[in-house]
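Residue-level structural notes
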Amino acid sequence: MSWWRPSDVGFATRVKLADIGRAARLFTRLCALFLAALRRARLLVDQVHFLGNHSLAIITVSGLFVGFVLGLQGYYTLQRYGSAEALGLLVALSLVRELGPVVTALLFAGRAGTSLTAEIGLMKAGEQLAAMEMMAVDPVQRVLAPRFWGGVVAMPLLAAVFSAVGILGGWLVGVVLIGVDSGSFWSQMQNGVDVFKDVGNGVVKSLVFGFTVTFVALLQGYECQPTPEGVSRATTRTVVIASLAVLGLDFVLTAMMFSV
Amino acid sequence: MRPASPSGGIAPVVELRDVTCGYGERVVLRDVNLQVNRGEVLGLMGTSGGGKTTVLRLIGRQIEAMSGQVFFEGVDVTTLGREALFEARRRMGMLFQFGALFTDLSVFDNVAFPLREHTDLGEELIRDLVLMKLNAVGLRGARDLMPSEVSGGMARRVALARAIALDPELMLYDEPFAGLDPISMGVAARLIRELNDALGITSIVVSHDVEETFAISDRIAFIANGSVVAQGTPQQMRESTNPLVRQFVDAQPDGPVRFHYPAASAAADFKVDA
């Protein structure tokens, strides 16, 4: 191995900057195409259905089990301090503030993000995107924008389903199985969870994650090498980058939202 | 507002003037000049990777020229803004090497795609138009199949029907014969010629298949080493003395186009004394 020459460093930096620039341009274009996506409602609805409905199974099952575990762990910890009746509050806050948006985003990256990347990548490999351009149809508007906004719409809805099912799971374990008082389980939750501070911030989080995961998936597909190994690498990158971005952003958002 | 053509007759449909083009650092075409006349089928031939397809990409401006001008109907496409470029592309049809059908749409919806995107026609009318286009390529009966259910030759015919859906003035064919059986190849060749004459359009066929391309082209242009080395009627090409054209037409393994990829001398590589 030889040492890097300054020109190599400069070249690598330039390539990286160009990548960032292209990504930023694509992101602003997709955001600007919001109204255009609304006008082609049919395409948007198809994508919400494809990305949302088809992810429902994995989201509900995961939500249920996360709720079970929260119920168990929460009970063990709370009963040490004799406050097991606060279990409802603990389960609800954990889910609505954190686990709902974050775990949903991670699952969404694996379930829907990968399929987006692979789909766009294969369309590129099969010259379908080039063919579209030659038909004077803009692939960013026709193919990417509906998927982008479909993902942004689907994500908060999936996170809401996840949290709701998770709370149900916590109730099943905590109240039905262990025998925590049902009345205090629900009333503590009702008193302690704020619509705007907790639920609202959770929704904002899942919206941000929706933008992030869907955009990463589309960008990886759109920029991938149009070959079999290029598509497979892009799909892997989607999961890695989207997951890390979600976890990193979650910390930043939490710090901003719930600081006293 | 068309610039007068050098020949003084009707302006050519497509004209490349001193075009240099490449990918990254690698220059594929160097100072290429080429004219395509109205109503003709031009066969664009040359070795694989020699820049034939690049010419097609330049005309639709899927890649940018490094220098030079590319005229389509008298307008330099290299200077067009986005809207004007899309306007120009609507008047071109392109057949991609493997058809590039939208795999999530049926044969019918593939052909209907450009109509639905660019016109406000009702579904009734779109149906009639699509069936007419499919009929022209002999696949009216295949309308409900998905792209995964049709053969390679059929896929290309569907793509052809899609490419002519908006009645283009110029058709670009990228390797229309590659990987087809002899029957499909003959069908494709006849279709290209018939569509050109019946619709009164101009066609550019990029191919390295000598027999089929010579049979349907009015004129042939050979591209090698980044420039047009010979052009003329198929008959003139057959009689050409240009060594490269000869090697190509006679399918000789070695000639101006080397059989061996550039390498160190065999003696050095195999470690034997010369």
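Residues numbered from 1 in each chain as written. Chains lettered and ligands numbered in written order. Predicted model: local features only at pLDDT ≥ 70, side-chain atom pairs only at ≥ 80, totals over all residues.

1. What to know about the overall build of chain B
When you go through chain B residue by residue, the secondary structure sums to ten helices and ten strands. Taking 2.2 N^0.38 as the reference for a compact globule, 274 residues should give roughly 19 Å; the C-alpha atoms of chain B span a radius of gyration of 20 Å, in line with that estimate. Each principal axis of the C-alpha atoms in chain B carries an extent, and together these give about 75 × 45 × 35 Å. Expressed as a percentage of the 274 residues in chain B, the buried residues total 39%. Relative to all contacts within chain B whose residues are 6 or more apart in sequence, the contacts with residues 24 or more apart total 63%. (Helix = DSSP H or I, 4+ residues; strand = E, 2+ residues; numbered from the N terminus. Rg over C-alpha atoms; globule rule 2.2 N^0.38 Å. Buried ≥ 20, exposed ≤ 12 C-beta atoms within 10 Å, placed from the backbone. Contact = placed C-beta atoms within 7 Å.)

2. As for the overall build of chain A
The secondary structure content of chain A amounts to ten helices and zero strands. For chain A, the α and β elements follow one another from N to C terminus as α-α-α-α-α-α-α-α-α-α. Along the three orthogonal principal directions, the C-alpha set of chain A runs to about 65 × 50 × 35 Å. Counting all 260 residues of chain A, 42% fall into the buried class.

3. Some words on the interface of chain A and chain B
Every contact between the two is made by ten residues of chain A and, on the other side, 14 residues of chain B. Considering only residue class, the side of chain A that touches chain B consists of six nonpolar, two polar and two charged. (Nonpolar A, V, L, I, M, F, W, Y, C, P; charged D, E, K, R; others polar.)

4. So, the sheet that holds strand E8 (residues 202-206) of chain B
All names here are of chain B. If you trace the six strands from one edge of the open sheet to the other, you get E6-E7-E8-E3-E9-E10, paired in mixed fashion. In this open sheet, the two edge strands, each paired with only one partner strand, are strand E6 (92-95) and strand E10 (227-232). In this sheet, neighbouring strand axes are inclined to one another by 20° on average, regardless of whether the strands run parallel or antiparallel. Both E6 and strand E7 (residues 170-174) contribute to a ladder of four bridges, which runs parallel. What sits directly across from methionine 92, in E7, is leucine 170. (Pairing = 2+ DSSP bridges. Axes fitted to C-alpha atoms, helices over the stretch in contact; angles between N-to-C directions.)

5. What about the pairing of strand E9 (residues 219-224) of chain B?
Residue and element names in this part refer to chain B. In terms of burial, E9 is a largely internal element, five of the six residues being buried. One ladder, built from five bridges, connects strand E3 (residues 41-46) with E9; its direction is parallel. Opposite glycine 43, over in E9, you have isoleucine 220 as the bridge partner. The sheet contact formed by E9 and E10 spans five bridges and is antiparallel. Its bridge partner being in E10, isoleucine 220 is matched across the sheet by glycine 232. Taken together, E9 and the strand that follows it, E10, pair antiparallel across an intervening segment of two residues, in which asparagine 225 is found at a positive phi of about 50°.

6. Some remarks on helix H4 (residues 56-80) of chain A
All names here are of chain A. The terminal C-alpha atoms of H4 lie 36 Å apart, and with 25 residues this matches the ideal 36 Å at 1.5 Å per residue to within 8%. Along H4, the residues that are buried comprise Ile59, Gly63, Val66, Gly67, Leu70, Gly71, Gly74 and Tyr75. Where H4 is buried, its residues meet helix H5 (87-125) and helix H7 (139-178). Just past H4, the residue glycine 82 takes up positive phi, approximately 65°. (Expected span 1.5 Å × (residues − 1).)

7. Description of the sheet that holds strand E4 (residues 67-72) of chain B
All names here are of chain B. Here four strands make up an open sheet; going across it, the order is E2-E1-E4-E5 and the pairing antiparallel. Strands with a single pairing partner mark the edges of an open sheet, and in this sheet they are strand E2 (26-36) and strand E5 (75-76). As paired elements, strand E1 (residues 14-23) and E2 share seven bridges and run antiparallel to each other. Along E2, the bridge assignment pairs valine 14 with valine 36. Against the sheet, helix H1 (residues 52-59) makes contact with E1, E2 and E4, and its axis sits at roughly 115° relative to E1, the strand it touches most.

8. A closer look at the environment of Leu172(A)
Residue and element names in this part refer to chain A. Its location among the elements puts leucine 172 in helix H7. For leucine 172, a count of 15 C-beta atoms within 10 Å corresponds to the partly exposed category. Measuring from C-alpha to C-alpha, the distance between leucine 172 and serine 55 comes to 23 Å, with 117 residues separating the pair along the chain.

9. Digging into the packing of H7(A) against helix H9 (residues 195-223) of chain A
Residues and elements named next belong to chain A. It is the contact of H7 with H9, at a shortest axis distance of 8 Å, that shows an interaxial angle of 145°. Helix-helix and strand crossings are classified by hand; for H7 and H9 the assignment is right-handed. Contact residues: H7 offers Leu144, Arg147, Phe148, Gly151, Val152, Met155, Pro156 and Ala159, while H9 offers Gly202, Val203, Ser206, Leu207, Phe209, Gly210, Phe211, Val213, Thr214, Phe215, Leu218 and Tyr222. Within the contact of H7 with H9, the residues separate by chemical class into 14 nonpolar, five polar and one charged. (Left-handed = near helix turned anticlockwise from the far one by under 90°.)

10. A look at unusual backbone geometry
Residues and elements named next belong to chain B. Backbone geometry places alanine 100, a non-glycine residue, at a positive phi of 55°. Within the fold, alanine 100 resides in the loop between E6 and helix H3 (107-118). With phi around 50°, asparagine 225 is a residue other than glycine that occupies positive phi space. With respect to the helices, strands and loops of the structure, asparagine 225 is situated in the loop between E9 and E10. Taking the number of C-beta atoms within 10 Å as the measure of exposure, asparagine 225 has 15 and is therefore partly exposed.

Worth remembering: the numbers are spatial, not functional.
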